[in-house]
Amino acid sequence: MSTRTQILVLGLAVGLLHGCAHFPMTLVRSVPTPVESTQEKSADSLSPQPSLAVEYEAIAAALAQQHDAQEEDLLAATLDSSSKSAREAAPSSDQQEANKRTASAQNDSSVLRNVSGPRVEDRFLNSLEKDLNKGIDQPVERRRLEFSKAVIENPRVRYFINQFSKSGRNDLERALARSGKYMPMIAQVLHEEGVPEELAHLALIESGFVTHSSSPSGAVGLWQFVPGTARRYGLKIDSWVDERRDPLKSTRAAAAYLKDLHNSFGRWYLAIAAYNAGQGAIEKAMQSSGATDFWTLSAKAKLNDETRNFVPKFVAASLIASDPQKYGFIDVAYEPPMDYEEMEVQGSLRLVSLAEMAGTDPETIRELNPELLRSRTPPEESGFRVKLPAGHATIFAQTSQERETRQAQFVTHEVKKGETLFAIARRYGQHVRALMELNGLASPTLRVGQLLKVIVTEGFRGGMLR
């Protein structure tokens, strides 16, 4: 090897030792080159010398290869120092879990910042996109997302798997238990909308499947919609209801939103990132940076670390949720799937009364109808469709009818000159046949002064009452 080449190699080695302290001394030895003998060295001085550009490219390729191989060890070493404090955190309630996610994302960012370079990140994203597209291209009955080895073994994905399985184990186990209530419905909706069913796990990392979860930015519900996006996708928000908390309606909105994001950006991983950051934020970042790939986008546009880590975090959560036992979650006590019926309620009805009429308890009504913000149903003119436990809609209907009968009043009407049975029935909102049966009439013919019994429901103001 020429003197000039040796100087170049030594210069690179010294620069790496000072500038990248994480790399060991064996960095250059990882290049699979043969050991030179004394004869080969002497012969080398007689052979044509390769150009500096060729030698530099070979060394750079070796460095990149070693960089990729070392990344996982680097993550493991970094994780040791970051997970200790996380393990000391005490378990929290559902609402505290939701509020804690912001702090957790900031901790993740400090650990993962600058861990993997463009080569690894781009391979990861490209493999993930292929996996997603492959799943969607399958026939509907066999459509399923299967992550490739390149995606599963990505250092960032492995970091979050490690975190979920250790310091975040209790939180994730509770979230997985809650997922049993909603996942069958969510998977069905995404299936119907042509969205990969595994995107259901976005709700796992967005809210932990807590319907009343909220964030400092005003995002609410399983899918963490902010008000503007929620209304754009047909979710109602007012002083009576917040449909972002309705599992079914918000899932349909999320499916539509994800499809629109994919149509806009053309990449599922960009759609997933935009779901977290917002479509406008990704569009603005792409315009300002001129980037065409996610790594360059996050580097040039300075996307926040939460968004940058959101995609590998989603993959890690999906892998664990799809096969919990593989990752040590052996005894997850999944809650049973939601099973309910809907009934239309006219006027504003207290939830306590509603529960009594349906033969259940108020807490069950509130759990099935998390979109209700008050202790009664909204006074909507068209009626409000309330969810009741399966099998209780019939009980509610029967009780409602009995109550209406009990509230009905019997009044007496004296027939005046010129009145007909038809006119009297219409006046009191009755059917002629019902009026005849109530009064034992064989004929609709009436006489002046005849007294008729009439059923008048509570609140009726028409007619002459005696």
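Here is what the cut-offs are and how they apply
Residues numbered from 1 in each chain as written. Predicted model: local features only at pLDDT ≥ 70, side-chain atom pairs only at ≥ 80, totals over all residues. Heavy atoms only, no water. Helix = DSSP H or I, 4+ residues; strand = E, 2+ residues; numbered from the N terminus. Buried < 20%, exposed > 50% of the residue type's maximum accessible area, 1.4 Å probe, protein only. Areas by Shrake-Rupley, 256 points an atom, 1.4 Å probe, with all protein chains shown as cover. Polar contact = N/O pair within 3.5 Å; in protein donor to acceptor, adjacent residues only side chain to side chain. Contact = heavy atoms within 4.5 Å. Axes fitted to C-alpha atoms, helices over the stretch in contact; angles between N-to-C directions. Parallel < 35°, antiparallel > 145°, perpendicular 65-115°, else oblique. Left-handed = near helix turned anticlockwise from the far one by under 90°. Nonpolar A, V, L, I, M, F, W, Y, C, P; charged D, E, K, R; others polar. Salt bridge = Lys/Arg side-chain N within 4 Å of Asp/Glu carboxyl O. Phe/Tyr/Trp six-rings, centres within 6.5 Å; stacked < 30°, edge-to-face > 60°. Lys NZ or Arg CZ within 6 Å of the ring centre and 35° of its normal. Core = buried A, V, L, I, M, F, W, Y, C linked by side-chain atoms within 4.5 Å. Bend = angle between axes of the 7 residues up to and from the residue. Pairing = 2+ DSSP bridges. pLDDT = per-residue confidence, 0-100.

Chemist: Provide a residue-level description of the overall build of the chain, including the pertinent values.
Modeler: Summing up its helical and strand segments, the chain has 20 helices and four strands in all. Buried residues in the chain amount to 42% of all 466 residues. Element-wise, carbon and sulfur atoms account for 52% of the exposed surface of the chain, whose accessible area totals about 24,900 Å².

Chemist: An account of the side chain of asparagine 276 is requested, with residue identities and associated values reported.
Modeler: Its location among the elements puts asparagine 276 in helix α12 (residues 268–277). Within polar-contact distance, the side chain of asparagine 276 engages the side chain of glutamate 306 at 3.5 Å. Leave out the neighbours within four places in its chain, and asparagine 276 touches Glu206, Glu306, Thr307 and Phe310.

Chemist: Which residues make up the packing of helix α11 (residues 247–265) against α12, and what values go with them?
Modeler: Geometry of a packed helix pair, given as the angle between the helix axes and the separation of the axes. Put simply, α11 and α12 touch, their axes get as near as 8 Å, and they point 125° apart. Judged on the interaxial angle alone, α12 and α11 are oblique. As α11 packs across α12, the resulting crossing turns out to be right-handed. For the pair α11 and α12, the contacting residues are Ala254, Tyr257, Leu258, Leu261, His262 and Phe265 in the first and Trp268, Leu270, Ala271, Ala274 and Tyr275 in the second. Of the residues belonging to the contact of α11 with α12, the class tally is ten nonpolar, one polar and no charged.

Chemist: I'd like a description of the environment of arginine 267, backed by residues and values.
Modeler: Assignment of secondary structure puts arginine 267 in the loop between α11 and α12. Classification of arginine 267 as partly exposed rests on a relative accessible area of 39%. Taking the C-alpha atoms as reference points, arginine 267 and asparagine 126, 141 residues apart in sequence, are found 9.5 Å from one another.

Chemist: A description of the pattern of salt bridges should follow, citing residues and the corresponding values.
Modeler: Tallied over the full model, the rule gives 15 salt bridges. The salt bridge partner of aspartate 171 is arginine 174, with a shortest N-O separation of 2.6 Å. Residue aspartate 171 and its partner arginine 174 are both found in helix α8 (residues 169–193); the two are separated by three residues, about one turn of the helix. Residue classification places arginine 174 among the partly exposed residues on the basis of a relative accessible area of 27%. In this structure, the salt-bridge partner of arginine 366 is glutamate 363, at a minimum N-O distance of 3.2 Å. Of this pair, arginine 366 and glutamate 363 both sit in helix α17 (residues 362–368), three residues apart, roughly one helical turn.

Chemist: Go over the environment of glycine 290, please, and point to the residues and values.
Modeler: Turning to its location among the elements, glycine 290 is positioned in the loop between α13 (279–289) and α14 (294–300). As a C-alpha pair, glycine 290 and lysine 300 span ten residues in sequence and 8.6 Å in three-dimensional space.

Chemist: Can you explain the packing of aromatic side chains? Please cite residues and give values.
Modeler: Two aromatic rings, taken as a pair, are described by how far apart their centres are and by the angle between their planes. Under the counting rule described, the total for this entry stands at eight aromatic pairs. Between the aromatic rings of tyrosine 159 and phenylalanine 160, the centroid separation amounts to 5.1 Å while the plane-to-plane angle is 70°, which identifies the pairing as edge-to-face. We note that tyrosine 159, like phenylalanine 160, is buried. Here tyrosine 233 and tyrosine 257 contribute two aromatic rings whose centre-to-centre distance is 5.3 Å and whose plane-to-plane angle is 50°, an arrangement assigned as tilted. With tyrosine 233 in the loop between α10 (227–232) and α11 and tyrosine 257 in helix α11, the pair connects residues that are 24 residues apart, well separated along the chain. Of the two residues, tyrosine 233 and tyrosine 257, both sit in the buried class. Among the aromatic side chains, those forming a connected cluster through ring pairs are Trp223, Phe225, Tyr233, Tyr257 and Tyr275. Across the ring face of phenylalanine 329, the terminal group of arginine 169 is positioned such that the distance to the ring centre comes to 4.5 Å. Above the ring of tyrosine 340, the side-chain terminus of lysine 387 is found at 6.0 Å from the ring centroid.

Chemist: Help me get a handle on unusual backbone geometry, residues and values and all.
Modeler: Positive phi, normally seen in glycine, also occurs at phenylalanine 209, with a value near 60°. Inspection of the secondary structure assignment puts phenylalanine 209 in the loop between α9 (202–207) and α10. Within the chain, glutamine 224 stands out as a residue other than glycine whose phi angle is a positive 50°. Mapped onto the secondary structure, glutamine 224 falls in the loop between α9 and α10.

Chemist: So, the nonpolar core: which residues are in play, and what are the values?
Modeler: Nonpolar side chains in soluble globular proteins tend to end up buried together. Grouped together as the largest cluster of nonpolar side chains are 64 residues, with contacts concentrated most on Leu199, Trp223 and Phe225. Taken together, the elements giving at least two residues each to this core come down to α7 (155–165), α8, α9, α11, α12, α13 and α15 (305–322). In terms of residue count, the dominant contributor to this core is α8 (ten residues). Excluding its chain neighbours within four sequence positions, the residues that come into contact with phenylalanine 225 are Gly218, Ala219, Val220, Ala230, Leu235, Arg244, Ser250, Ala253, Ala254, Tyr257 and Tyr275.

Chemist: Pulling in residues and values, what's your account of α8?
Modeler: At tyrosine 182, α8 shows its maximal kink, close to 55°; a proline, proline 184, follows between one and four residues later. Immediately downstream of α8, the backbone of glycine 194 shows phi near 75°, a positive value.

Chemist: Can you explain the pairing of strand β2 (residues 384–389)? Please cite residues and give values.
Modeler: Walk down a regular strand and you will see the side chains alternate between the two sheet faces. Buried residues dominate β2, accounting for five of its six residues. In the sheet, strand β1 (residues 340–345) pairs with β2 via six bridges, with the strands oriented antiparallel. For valine 345, the partnering residue across the bridge sits in β2 and is phenylalanine 384.

Chemist: Run through the confidence of the model for the chain, naming residues and quoting values.
Modeler: With 64% of its residues at a pLDDT of 70 or more, the chain has an overall mean of 74. Contacts from residues 458–466, a stretch scored under 50 in pLDDT, to residues over four places away or in other chains number 17 contacts.

Chemist: I'd like to hear about the packing of α7 against α15, residue by residue, with values.
Modeler: Put simply, α7 and α15 touch, their axes get as near as 8 Å, and they point 55° apart. Considering their axes alone, α7 and α15 lie oblique with respect to each other. Of the two possible hands of crossing, α7 and α15 adopt the one that is right-handed. On the side of α7, the interface is formed by Arg156, Val157, Phe160, Ile161, Phe164 and Ser165, while α15 contributes Arg308, Asn309, Pro312, Lys313, Val315, Ala316, Ala317, Leu319 and Ile320. For the contact of α7 with α15, the class distribution of residues is ten nonpolar, two polar and three charged.

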